[in-house]
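Given next are the chains, with one letter for each unit.
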Amino acid sequence: MSDAATRRSGTERAAIFLMMLGEQGAAQVLRHMAAKDVQRVGAAMAQLAKVSREEVTAVLDSFARNVENETSVGIGSGDYVRKVLTDALGEDKASGLIDRILLGRSSKGLEALKWMEPRAIAEMIRVEHPQIVAIVLAYLEPDQAASVLGHLPEWLRSDVVLRIATLDGLQPNALTELDEIVEKQFAGGARGGQTSLGGPKAAASILNLMEAGMETAVMEHMRKVDESLVGRIEDLMFVFGNLLDVDDRGMQELLRQVQSEQLLLALKGADEELKSKIFRNMSQRAAEMLKDDLEARGPVRLAAVEAAQKEILAVARKMADEGTLMLGGRGAQYV
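Notes on the structure in this doc start here.

Ile-125, Leu-137 and Ile-233 are the most contacted members of the largest nonpolar core, which totals 42 residues. By residue number, the principal contributor to this core is helix 9 (residues 130-139), which donates 7 residues. In contact with Ile-233, other than residues within four places in its own chain, are Ala-165, Pro-200, Ala-203, Ala-204, Leu-207 and Met-222.

We now examine the side chain of Arg-157. Along the chain, Arg-157 falls in helix 11 (residues 154-166). We note that Arg-157 is buried and unpaired, the nearest opposite charge coming from Glu-154 at a distance of 4.9 Å. For Arg-157, the side chain forms a polar contact with the main-chain oxygen of Leu-149, separated by 3.3 Å. Apart from the residues lying within four places of it in its own chain, the contact partners of Arg-157 are Leu-149, Gly-150, Leu-152, Met-214 and Val-218.

Moving on, we get to helix 16 (residues 248-257). Every buried residue of helix 16 is accounted for by Gly-250, Met-251, Leu-254 and Leu-255. The arc enclosing the buried residues of helix 16, seen along the axis, measures out at 135 degrees, which places them on a common side. Within helix 16, the exposed residues directed more than 90 degrees away from the buried face are Arg-249 and Arg-256.

Thresholds applied
Residues numbered from 1 in each chain as written. Predicted model: local features only at pLDDT ≥ 70, side-chain atom pairs only at ≥ 80, totals over all residues. Heavy atoms only, no water. Core = buried A, V, L, I, M, F, W, Y, C linked by side-chain atoms within 4.5 Å. Buried < 20%, exposed > 50% of the residue type's maximum accessible area, 1.4 Å probe, protein only. Helix = DSSP H or I, 4+ residues; strand = E, 2+ residues; numbered from the N terminus. Contact = heavy atoms within 4.5 Å. Lys, Arg positive; Asp, Glu negative; His and termini not counted. Salt bridge = Lys/Arg side-chain N within 4 Å of Asp/Glu carboxyl O. Polar contact = N/O pair within 3.5 Å; in protein donor to acceptor, adjacent residues only side chain to side chain. Arc of directions from axis to C-beta.

Honestly, it's all geometry; don't read function into it.
Shown next as structure tokens:
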């Protein structure tokens, strides 16, 4: 363990680990802890500042070693970590974290990318083969990958997303080689089966978090190459029209979180069925005022409408992650 991580208390190391799990994952773990422990760890999480990449790596290494020491004879630590986190977080949410914990013990170069600015990552990988770029983006978190994609040349974006969507895992030795390439670029092998990187779901996650205009352009280019694959990706994406599948109680809660101007712009591009559902879940006075504003507002740029819809969808996804909104329909698999 690094000197910096050693100086951290056990509570602070636990806080760092929980921060790596994300809000939903951390909440799942905290609910199994005593109230006094939750208070201590929560206070440590709130006070965390300037956590270095070395500290995070050290905490993950320590976790993996502790698990290995605690496992029963005949049970490998990797299998134990996989089972514990899958039971705690569910298979979908745990899969990416499991790979990062188990592979991160040897993937120093790729892990370092997660601490870089998206523009810097784009500058580093833009000269690489598109397949290398696709693997790197598939390894990153969707929001970071979306930002990196936005900084890549327009002609490259659709090619990269297509390659992400058609990725079907990656052999550990290939990942190790790529990790060494990335580490050399900084100038300073996981074992087992394939690493679960890429696929249509990964592509959908990244596209969902891109700016509306960029997303549309990428999808149009991809459709010319493989219309069937784009259809599969679209089935995994959550779009504004899917708000029709939100129940009335959830819609009312969502509307409380959305700004009036934001909703007005978003509805300029919505169909009548969705508008009716939204009006139905507002007070009569608020609904009438919104209808009047829609009639009074002149033509609006498509980019502004799509941006407003994206912002509302971001709120909906956040609420879904927190368990306060159920999203169904086409986006159910994604969220």
